[in-house]
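The chain contents come next:
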2 protein chains.
Amino acid sequence: MTQFGNHIRTRREDLRKQDRRFSLRQVAHRIEVEPAYLSKIERGDVAPPSEATTLKLARDLGEDPDVLLALAGKVSSDLQEIIRKRPRLFADMIRKMKEAPDHAILRIVREVRDGEW
Amino acid sequence: MTQFGNHIRTRREDLRKQDRRFSLRQVAHRIEVEPAYLSKIERGDVAPPSEATTLKLARDLGEDPDVLLALAGKVSSDLQEIIRKRPRLFADMIRKMKEAPDHAILRIVREVRDGEW
DNA sequence: TGTCATGTATAGTATATAGTACACATTTAG
DNA sequence: CTAAATGTGTACTATATACTATACATGACA
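For the structure given in this document, a descriptive report is provided here. Predicted model only: the values in this text are computed from it and were never measured.

Turning next to the protein's contact with DNA strand C. Lining the immediate environment of DNA strand C, one finds 22 residues, of which A:Ser50, B:Arg9, B:Leu24, B:Arg25 and B:Arg43 sit closest. The share of sugar and phosphate among atoms of DNA strand C within 4 Å of the protein is 60%. Residue A:Ser50 places a side-chain N or O atom 2.6 Å away from a phosphate oxygen belonging to DNA strand C. At a separation of 2.8 Å, a phosphate oxygen of DNA strand C approaches a polar side-chain atom of B:Ser39. Elements with a contribution of two residues or more to the surface near DNA strand C: helix H3 (35-42) of chain A together with helix H1 (3-18), helix H2 (24-31) and helix H3 (35-42) of chain B. Ranked by the residues each element gives to the surface near DNA strand C, the list is headed by H3(B), at four residues. Taken together, the residues that form the surface near DNA strand C break down as seven nonpolar, five polar and ten charged.

Below is the structure:
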């Protein structure tokens, strides 16, 4: 199950149909890794790259960073920091939200955005 | 700033006043690490231990696992998994909650617990 | 006063993480 | 038809992570 590799290879090839600059080599150059390495990543020959490299990749391919990190089996370090500052509170909240349907969570996000406190 | 080490040394020594079984060596034995290693952890001579070892330590010392993991600079892998399953939703929510005061978050936890969806 | 438990210093190890470097065969484009 | 660009196979490497093993000095206590 090399979700990550398949995903970015598909995405890159899609973009490439419109824009030749999305060759493996050119993407690799822009995100500053060796072409051979990106090749191995796309084919699932190696584990997904570091957070930093994943984020560059997300930007280059126009993908959601959190989604791409999730596919890489990671959670953004800025989120982790937020949790670590109030571990009990956030751990509790997240575990409770585990079973909540999307719309319930969305409603909460909306409420908080509207500054309900 | 070796928060983790200081914290568990203090905690262990506190417990020890009531119970001789909280010597460094005996705790180390129960959580299945070498005494020398636990010693170095407590003095901040090495980085905090793995998640698994931190959890054993939390149990032995009667501490909140999420808090101890936070002091170790980590976030519980079960929380990470929850986030990774719905990355956009949870990333959004957590970032919005960053500025929210504790009582606002507590209210939300309560609402969700009461099954408001 | 000897022995038993305690904490620690020193040295070493296995595994994972995150890549680089280079050569090579194949496609693509002028 | 050839020069450049493309993707990939192979062989390394540096650094971090997470510890173990052994030996030793110190203090308690019976």
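As a further point, take the relation of the copies chain B and chain A. What relates the pair of chain copies is a rotation about an axis plus a shift along that axis. Expressed as a screw operation, the relation of chain B to chain A combines 0.0 Å of axial shift with a rotation of 180 degrees, fitting to an RMSD of 0.0 Å. Such a combination of turn and shift is consistent with a two-fold rotation axis. Considering only C-alpha atoms, the part of chain B nearest the rotation axis is B:Ile108, at 3.8 Å. Of all interface residues in chain B, 100% are interface residues in chain A too; the two copies therefore contact each other through one and the same surface.

Two side chains bearing opposite charge may form a pair once their charged atoms approach each other closely. In this structure the tally under the stated criterion is 27 salt bridges over all chains. For A:Lys96, the salt bridge identified is with A:Asp92, shortest N-O distance 3.6 Å. In this pair, A:Lys96 and A:Asp92 are both assigned in helix H7 (residues 87-97), four residues apart and thus about one turn of the helix distant. Where B:Arg12 meets B:Glu42, a salt bridge forms, and the shortest distance between an N and an O atom there is 2.7 Å. Here B:Glu42 lies in helix H3 and B:Arg12 lies in helix H1, a separation of 30 residues in the sequence. The exposure classification of B:Arg12 matches that of B:Glu42, with both residues buried.

Parameters and conventions
- Residues numbered from 1 in each chain as written.
- Chains lettered and ligands numbered in written order.
- Predicted model: local features only at pLDDT ≥ 70, side-chain atom pairs only at ≥ 80, totals over all residues.
- Heavy atoms only, no water.
- Near = heavy atom within 4 Å.
- Polar contact = N/O pair within 3.5 Å; in protein donor to acceptor, adjacent residues only side chain to side chain.
- Helix = DSSP H or I, 4+ residues; strand = E, 2+ residues; numbered from the N terminus.
- Nonpolar A, V, L, I, M, F, W, Y, C, P; charged D, E, K, R; others polar.
- Least-squares fit on C-alpha atoms with pLDDT ≥ 70 in both.
- Contact = heavy atoms within 4.5 Å.
- Salt bridge = Lys/Arg side-chain N within 4 Å of Asp/Glu carboxyl O.
- Buried < 20%, exposed > 50% of the residue type's maximum accessible area, 1.4 Å probe, protein only.

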